[in-house]
Structures are given as C-alpha cells and as structure tokens.
Amino acid sequence: MKILSLFISPLLALIIGLLFLGISRKITAKIHWRCGPPVYQPLIDVIRSFSQKSISHGAFFDFGIILSLSSSVVLIYFLPVGDLYAMTSGGLIAFLYLMLLGPFGIALSSAASGNPNSSIGVSRKFLLALAYEVPLLLVLLTVMTHYNTISLVEIVNIQAGTGMAFSSWALVLPGIAYFLILPAVLGVRPFEIVSAPQEISSGPVAEFGGKHLAFYTLQHALQLFVGLALFVNIFLGGGTLFGLLNPIAGTVWATILGIIIFLVKMFIVLVIELFINAVYPRFRIEQAMRYLWKWPTLIAFVGLVIVAILN
Amino acid sequence: MSLELLIMFAFGGAFLTYLAGKISSKLRDIFALLCSVALVVIVSSLYKVETTITLYNGFFGMPLSMRLNPMAWFFAIAIVSSSALVVLYSMSYMKHRERTDYYYFMLLLINAAMLAIVLSGDLVSFFISWEIMSWSTFLLISYNRNAALPAGIKYIVMSLIGSMCMLVGIISIYTAFDTITISEIVQHMATATAGYKLFLLIIFSITFGIKNAVVPLHTWLPDAYAESPSPFSAVLSGMLTRMGIFGFLLIMFVMVGAENSLHMGRGFFSYHNILAWLGAITIVIPTFIAMLQNDAKKLLAWHGIGQGGYMIVGIAFGTSLGLAGGIFHTLNHAIYIILLFLSVGAIEYSTNGLRDLNSLGGLFKKMPIAFLGGLLGICGLIGIPLTNGFVSKWLIYKTLILGKAPFLAFATLLGTWGTILSVYKFLHNLYLGQLPQEHQNIKKTPLAMQIPIVILSLTILVFGILPGLPLKSINAMIVSFGFTPLTVSIWGISSETGTLNMINIFSILLVVVAIFWLIFQAARKSTAVDQYDNYAAGAAIPKDKYNYTVEFYAPFYRMATPYLRDIFDMLYQKIARFTEFACDNIRKIYTGYVSDYIIYIILFLALLISAQLKWSVF
C-alpha cells in the first residue's frame, strides 16, 4: 500500500488541486455573475506554461522553486488520504515543519530575482503566515493534547473508531477556529494579500514565467490540497463516514470508497469557504493580522484551555 | 596522564602563542592553529574514558581535581572543535588588525578556561576557571573599543553578580559538608534538608542564568555579541554562553540530583516548572525583539537568547527525551550560530565592517560560500527538516506535547514561527535582492575563512540526517544522570509514541528533487537575465534604489514596536543611574573640614549611647 501510494498520492493531489483551483475560479465567477473559465483551465495553463519562454536569474532562482514543489510533494506523503499514506516518521510536528518549506523555497527563489515587488510579496507572505500560524498551532496542539499523540495517522484512526472529531464537544471550538483561518491558510480571498496582482504585480510570482510559473502553479495547487486535507483529516474523520465502510473493511473497494469520501468532504469544505469568502474584498495585511489574532486565536485558545483542563 | 597533558596544552599553548607573536605573526598563527588542533586530537582520543586526577593537594588542605565523564567529554569536544575552527577563521579575519597577539592570547585562554570548567572535579577549580573565563571574555568583548567598552562593562558587572552568587553557594557548601569535591558533595546531598537544596538551586541558577542569558538576566548579551570581533562573537554565542547550560546540568542533575531538583515545590510552583516557564518567556520575547533589529549581529544575538530558552525548557522539563533535546540543542545551536557569525564576519571582512541590514543586499553572487553558510545556518536556526536544529526541536516539542504541557509547547512553537520571519529578513537583506553598485567589486572571501564555513555547513546536514551520531553520546550522559536511556539508532529515535527517521525523509526528498530537477531541465530552456532586467509593471527602473530591505515587515513594526521593548534593560539602567546618583551625593559628606568629621564622630557616639540607654545592646 505504501509503495503504491508513493506514486498515486502526488498525482492524485496534483490533479485534484488543479481541479479545485479551476472549480474555485468558476464558482467565484458565477457568484460575480460572470461566465468564468472552464474548470480544466489551470491544467491547460500548466501544460502551456511548460512550452513557453521563461527567464532565469541564476541557479538559485531555479533551485528555490524546485525545492518548493518537491517539499510539497513530500508533504503529501505524510498526509493520509483515506488509507493512502507513505510516511509517518516524525508525525504532525514534522508535517508542520515541512509545510513551511514550500513557501520558504518560493521566498528564496523570488528574492534571488531581485524584484522588489517579489520581496514585498514575500514579506507579506511571512507576516500572513505568522498571523495564521498562531491560531493554527493552538488548534493542532489542542488536537494532539486531546488524543495524546503526535501522529497524524493515529489521529485519523481514533476518529474512525469514534466518528468525526467535530462531534466530540471538546474539539468544536478548535474546529471553528480552523474553519475561520482556512482561507488564510489557502491564500484565497479575502486573504490573497500575498499575490495581490493589482498592487504588487502578483508579488512573489512577478518574475516567474514558463516552467517557473508552471512549477509555482503546481505548488499552489498542492498547497490548496494540503490545507483542505488537513482540516478533513483532523476534524472530519478523514476517509471514514460514521462506520459506513466497516462491513467491507480491508478490501480494495473500501480503500477506493474511502478516498472518494475524503475528496467529497474536501470539496464540500471548499465550496462552503468559497460561498462565504467570494463576496469579500481583499484585506490589507494589518487588517488580516488583526482579524487572525483576534477571534480565531481567542476561540482556539479557549479550546486549548478546555482540553488542558479536561486532561 | 593525558588529562594533565590536555590542561597543560590548553593553558601553556595560550601563553606560548603570545610569546610566539613577539617573534613573528606567521609563527604565532601557525602555532595557535596547531595548538587548537592538538587539543581536538587529545580530546577525541579520550572518548569513553572516565578518570579522575588530583592536580594539587595543598589548597587550604583541599584537593583540586579534574575528572572526565560523558558530560565533560561532550562539552569538551564541542569547545575544542569550535575553537579550532574559529582560530583558523581568525587567521584571515584578524590579519590586518592591531593587538593581534593579545587577541589570540585571550581567545586561547578562554578556550583553556572553558575546558577547565567542564573538566573540573571540585568547586574551587570550577570557580577559578569560571573567573578566568569571565575576565578574559570582558577583555575580548571590549577589544574594538568605542561602543564595545560599555558593552564590556555591562557584561562584567552582570558576570560579577553571578560570580558572587556562586561564591556564596560554594562557601555555604563548604561550611555545610566540609568538602568541595563534587563527587563527595553528591553523597552528602542525601542528608541535606529540602530548603537547603532549594537555596543551592536558586543561588546557582542566578549564576548560570546570567551566563546563559535567561530572561530577566539577559541584558548583557545583545551588546556584547554585537560589539565583539565576529570570530569571538561566534565563540561567545556558541560555547561560552552555554557554559550556563553546563552549569544547570551540573547543579540540577549531578550535585542536587534529578530526584531532588525535579520534585522541589508543588504543582505549578515547583522549581523546575518555573525554570521551564522562564525558558518559554526567554524563547518568545527575544525572538520577536530580534525581528526589529537592523544590525545583523544584534539580530543573531537576540536569537542567541531565544534559542537558549529551548535548552532551558528541555532541561527543566526533566524527562529523558526533553533532556536529550535540550542538550542536543545546545550542540546544534553552537554549530549554526557559529556558522552564522562567521558568515556575517565574512561580509564584514569584504565590505570593510558593514553589517547594517539596510545597506547591503545581493551578495549571494559575490560570496557563494558565505551565502551557503548563511542559508544552512538559518535553516538550522529555524529547524527546517534535514538540518540539525529540527531534530533537537522535535525532541523538545514531543516531550512537551506528550508531557501534557501544551502551553509550554505553544510558546516553543510560536518562537520558531517568529524565528522564520527575522532570519529570512537576515538572509534577504544581506544576500538576496539586488546587489548595490558600490559592492560590485568587493574583496573575495579568503580560503581560511571558507574552510570553517564549509565544515560547519556540512556538519549541520550530517547531524540533521544522521542525528544518531551525537545522540549516542548524549544518551550516555543522560544515563549517567540516572535517567532511562533512549532507543537511539544512527538515523533517529524510535519509540512507541512516535518514531523519527531522518534518513527516510532525506532519501525521499532527494528522489523527489531529482525527479523535478529532471523535469525542469527537460522543459524549454530559460534565458539568463541580470538583476536589473525585471518586471516593474511598466515603470522605469531606477538603478541602485530599486530594492526592498528597509522596514522589511513594516505593518508588523507599526503594530508591535510599542510592545516590544526590553523593559528589564531599562529597569537595570535606571537602577544603575540611581546608584550613581546616590553615590555621587553620599560622596559629598567628605567635605575636607576637620570640624565636620568631628561632628560625624560625635553624632555617631551619641547614636551608640542612646541605643545603649534605650535597648542596652552591649
């Protein structure tokens, strides 16, 4: 299973990530009373980008973007999608650290280009990351303390036995907090401060074209996938649905159905997020930081206090 | 035998280096290097040797002794190897400075004193070596004169307070147990009362807390790190400050003993828990203050304080895993912070002393080796997987999360995420972005400065991918403290509650990077462009002013600057000023008139007589 998922997981994540990018553009367009591009547009763009001209500011400029995409793929190996996962070493802590390698690679690459717009974008990205990591760390610590484990797979397995984490009342508050910060984690509206095309020429991406842009888009798709999948894994029980698959447990069908359930859950979360967020204008970075450090942090903190007292 | 040889080499080498400098500077450089390499060889030959020797028997009837055990060896090897690298680096860095004889003498003397500290088997030789270290450190901190002098004064005042505390502790131990030998104190400790043990813990914690810069005793550190010559900043931050950690280990787990020091007090108000919380505060506040710094070395200095907090938290939590994490982090921190200071030093060397983050940039094309050092150094500092800092931080996080201390865990994690911001600013403003015109033709980094940087960079990766190498000897140390050993293998740590296997992550990342690199190469080739050829949304690009470094996190500064002040430093400054003012006024009683002095005497006698009449004291 692990060997198989080494090949399947990244492909699945890339395709689903790109598809979700397309879907989110389409839904946002419909909400705005526009027609919008077809759902498969991001996939076409990636393929087209590979054949187009690009510029390079040196070896380090190339290295950063390769590192970023690669580490995002490694991240996928840590992430259980239903029964699909390849690695467990280091648990959720290693996962958290690997999550930062993706943006870090892009930051190195775009700063090597010497474009000030990129630097502004990167500075915004790190500030935004600091802003959402505070509640995110609180949320993840709450979950790890509640289940008394640092293993992501184990968290999912415990939920498979007891139903969704969301249904246990101690984890309701962290769940809400994660849902509130999810758009910031995914970098979608109203938190698209980092790229902000009208202000800073797309920020970190300003110098990327051709294959660099293709790599960046793939990384972005994976990031979207990881953000949603982490929420599904931690709070919505991963690829299980209240023991629906228990009668056929262990068979190939159970695995495939598990993956499908997982993807459907991800899709539902994405759509709800889009419905809420498509109508907001973009925050300024201070507003975003103030928002993220106010309600989500407060809710997550109260959640952690409750779980710490219960233990 | 070889323990005496080691001490002789260390101290004798320092003096002889000074004398050699009087003959020729080349001879001195080579002699200093040979001497420090010889120390590395001797210490590594003593691996797994446990021995005790008596150096001198007649110190007021007390024996002065040296002892070698796993803890002493671990710190000794770290001290001598970092010192050897720094001496090699100094050969180029200090070449055209003045007073170099004195510099080398002090550097090697500090090295010898640190060795003597970790090897000392009794408290008097510990104290003597501690004082040699403190005083020679003071002399080297103020080596650059000007701004360095007040930094040195600040350091020595705080260091003296620490030394006095230690002296009180040593004298009280001598009067209580009638011995100064550490191994005998351990046996006597069983009979001591809990209150006395707590007194010892607190009084020594002040000493070691000042040395290790635990908030609120940290205020000497930022100036001292920033103002001393860069190679010495490396020694200072890497090993010298961490003598505080050695001291904490000595007092908590050797002298007082783990079973006592971890059960002192009750609930939240226990000794080790309060220490852990001080560690957590030490992590969070300095890390965020670091973000506001515009001086490369000061930024690193604040991180030096912050990272010290991780070690304190790990040690104070007092489980095998936490202890291993704390000690391992001490070693890792030494490696990457030395590397970072050497990297900044290389820039200082090439740009004639510039280290202002707002006026540099784009140096990665001119100084690739120093850039590599800076990059791997900050990766280690953040704790990015596959670098050494990740493993030790992982151990600490895991301890805290599974040890039911989520708030401490939150403080440590928050510190890491704050670290990312400031060290990225460090890397970006020095090496990335656009290269200013005036730095187009800077001096090349000499080979003697490149070699230490390359060695340390490789060490970061090796310890990150094969953490078992150092963890094995750390395990021996933990066992000697009476803790259960960890299941350590060469590539990581295995346990029922979560395995860490670094070689696993490394190989998979390597394969994935290789695949994507191939895809990248197979795609259409990109055209190389220079730094001025970039997209500005149609605007004309002014050369040399088109960079983004000043106020790198402007929105954050606007929000946080009012809250991020070093209140303790301000408090101490206020106390210092008040003392100065008070003393200045008290001085005025010396008027120079005999009649005034006679009045003082009469008043004093009158006071005594009235006291005798009222309370009959005498």
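When helices and strands are tallied, chain B shows 24 helices and eight strands. By the compact-globule yardstick of 25 Å for 618 residues, chain B fits well, its C-alpha radius of gyration being 26 Å. The principal-axis extents of the C-alpha atoms in chain B amount to approximately 100 × 65 × 60 Å. For chain B, the residues scored as buried account for 61% of the 618 residues in total. Contacts in chain B between residues at least 24 apart in sequence constitute 78% of all its contacts with a sequence separation of at least 6. For chain B, the computed accessible surface area is about 24500 Å², with 69% contributed by carbon and sulfur atoms.

What follows covers the domain arrangement of chain B. Under the domain assignment, chain B is made up of domain 1 (262-519) and domain 2 (567-615). Put simply, the middle of domain 1 of chain B and the middle of domain 2 of chain B, counted by C-alpha atoms, are 51 Å apart.

What follows concerns the environment of Ile-77 of chain B. Residue and element names in this part refer to chain B. Tracing the chain through its elements places Ile-77 in helix 3 (residues 70-93). Expressed as a C-alpha distance, the spacing of Ile-77 and Leu-39, which sit 38 residues apart in the sequence, is 8.9 Å. Those residues within four positions of Ile-77 in sequence are excluded, and the remaining contacts are Val-40, Val-43 and Ser-44.

Let us now look at unusual backbone geometry. A cis geometry characterises the amide bond from Val-215 of chain B onward to Pro-216 of chain B, with omega recorded as 10°. Within the secondary structure layout, Pro-216 of chain B lies in the loop between helix 8 (194-211) and helix 9 (221-227). At Asn-148 of chain A, a residue that is not glycine, the phi angle is positive and equals roughly 55°. Inspection of the secondary structure puts Asn-148 of chain A in the loop between helix 5 (116-147) and helix 6 (152-162). A positive phi angle, near 55°, is found at Asn-352 of chain B, a position not held by glycine. In this fold, Asn-352 of chain B is placed in the loop between helix 15 (320-350) and helix 16 (368-382). By relative accessible area, Asn-352 of chain B is classed as exposed at 65%.

The interface is formed by 73 residues belonging to chain A together with 72 residues belonging to chain B. Together, the buried faces of chain A and chain B total about 6500 Å²; carbon and sulfur atoms form 78% of this surface. Counting the contacts that link chain A with chain B gives ten residue pairs in polar contact (both at pLDDT 80 or more). Elements with a minimum of two residues in the side of chain A that touches chain B: strand 1 (55-56), helix 3 (59-78), helix 4 (91-112), helix 5, helix 9 (211-235) and helix 11 (285-310) of chain A. Ranked by residues supplied to the side of chain A that touches chain B, first place goes to helix 5 of chain A with 16 residues. As defined by bridge partners, strand 1 of chain A adjoins strand 8 (residues 527-528) of chain B across two bridges and the pair is classed as parallel. By the bridge assignment for strand 8 of chain B, Ile-55 of chain A is matched with Thr-527 of chain B.

This brings us to the nonpolar core. Residues and elements named next belong to chain B. Within the largest apolar cluster, 325 residues are counted, with the highest numbers of intra-cluster contacts made by Leu-249, Tyr-424 and Phe-556. Ranked by residues supplied to this core, first place goes to helix 15 with 19 residues. Residues within four places of Leu-249 in sequence aside, it is in contact with Met-71, Phe-75, Val-254, Ile-315, Leu-323, Ile-327, Met-477 and Phe-481.

Let's shift gears to the packing of aromatic side chains. Per the stated rule, a full pass over the model turns up 50 aromatic pairs over all chains. On the basis of an interplanar angle of 40° and a centroid distance of 5.9 Å, the ring pair of Phe-191 of chain A and Tyr-291 of chain A is categorised as tilted. Of this pair, Phe-191 of chain A sits in the loop between helix 7 (172-186) and helix 8 (197-200) while Tyr-291 of chain A sits in helix 11; the two residues are 100 residues apart in sequence, bridging distant segments of the chain. By relative accessible area, which is 26% here, Tyr-291 of chain A ends up partly exposed. Ring centres of Phe-177 of chain B and Tyr-196 of chain B lie 5.9 Å apart, and the angle between their planes is 85°; on these two criteria the pair is classed as edge-to-face. Of the two residues, Phe-177 of chain B sits in helix 6 (residues 148-177) while Tyr-196 of chain B sits in helix 8, which places them 19 residues apart along the sequence. Every member of this aromatic cluster is reached through a ring pair, and the members are Phe-60 and Phe-63 of chain A together with Phe-364, Phe-371 and Tyr-431 of chain B. Its end group placed over the ring of Tyr-349 of chain B, Lys-443 of chain B keeps NZ or CZ at 4.6 Å from the ring centre.

Another aspect to go through is the pattern of salt bridges. Inspection of the entire model under this criterion finds 16 salt bridges over all chains. Ionic contacts of the salt-bridge type, sharing partners, join the residues Glu-227, Asp-295, Lys-297, Glu-348 and Arg-355 of chain B into one network.

Compared with an ideal rise of 1.5 Å per residue, which puts 13 residues at 18 Å, helix 20 (residues 468-480) of chain B spans 18 Å between its outermost C-alpha atoms and is within 8% of the ideal. Within helix 20 of chain B, the full set of buried residues consists of Gly-468, Pro-470, Leu-471, Ser-473, Ile-474, Asn-475, Met-477 and Ile-478 of chain B.

Residue and element names in this part refer to chain B. For helix 14 (residues 296-317), which comprises 22 residues, the first-to-last C-alpha distance of 32 Å matches the rise-based estimate of 32 Å (1.5 Å per residue) to within 8%. If you check the start of helix 14, you find a side-chain oxygen 3.0 Å away from the backbone N of Lys-297, and it comes from Asp-295. Backbone geometry just after helix 14 places Gly-318 at a positive phi near 70°.

Residue and element names in this part refer to chain B. Counting through the fold element by element, Arg-28 comes out in helix 2 (residues 25-45). Separated by 3.2 Å, the side chains of Arg-28 and Thr-100 make a polar contact. Residue contacts for Arg-28: discarding those within four places in its chain leaves Thr-17, Ala-20, Gly-21, Thr-100, Asp-101 and Tyr-104.

Definitions and cut-offs
- Residues numbered from 1 in each chain as written.
- Chains lettered and ligands numbered in written order.
- Predicted model: local features only at pLDDT ≥ 70, side-chain atom pairs only at ≥ 80, totals over all residues.
- Heavy atoms only, no water.
- Helix = DSSP H or I, 4+ residues; strand = E, 2+ residues; numbered from the N terminus.
- Rg over C-alpha atoms; globule rule 2.2 N^0.38 Å.
- Buried < 20%, exposed > 50% of the residue type's maximum accessible area, 1.4 Å probe, protein only.
- Contact = heavy atoms within 4.5 Å.
- Areas by Shrake-Rupley, 256 points an atom, 1.4 Å probe, with all protein chains shown as cover.
- Domains from an automatic or database assignment.
- Buried area = accessible area lost by both parts, 1.4 Å probe.
- Polar contact = N/O pair within 3.5 Å; in protein donor to acceptor, adjacent residues only side chain to side chain.
- Pairing = 2+ DSSP bridges.
- Core = buried A, V, L, I, M, F, W, Y, C linked by side-chain atoms within 4.5 Å.
- Phe/Tyr/Trp six-rings, centres within 6.5 Å; stacked < 30°, edge-to-face > 60°.
- Lys NZ or Arg CZ within 6 Å of the ring centre and 35° of its normal.
- Salt bridge = Lys/Arg side-chain N within 4 Å of Asp/Glu carboxyl O.
- Expected span 1.5 Å × (residues − 1).

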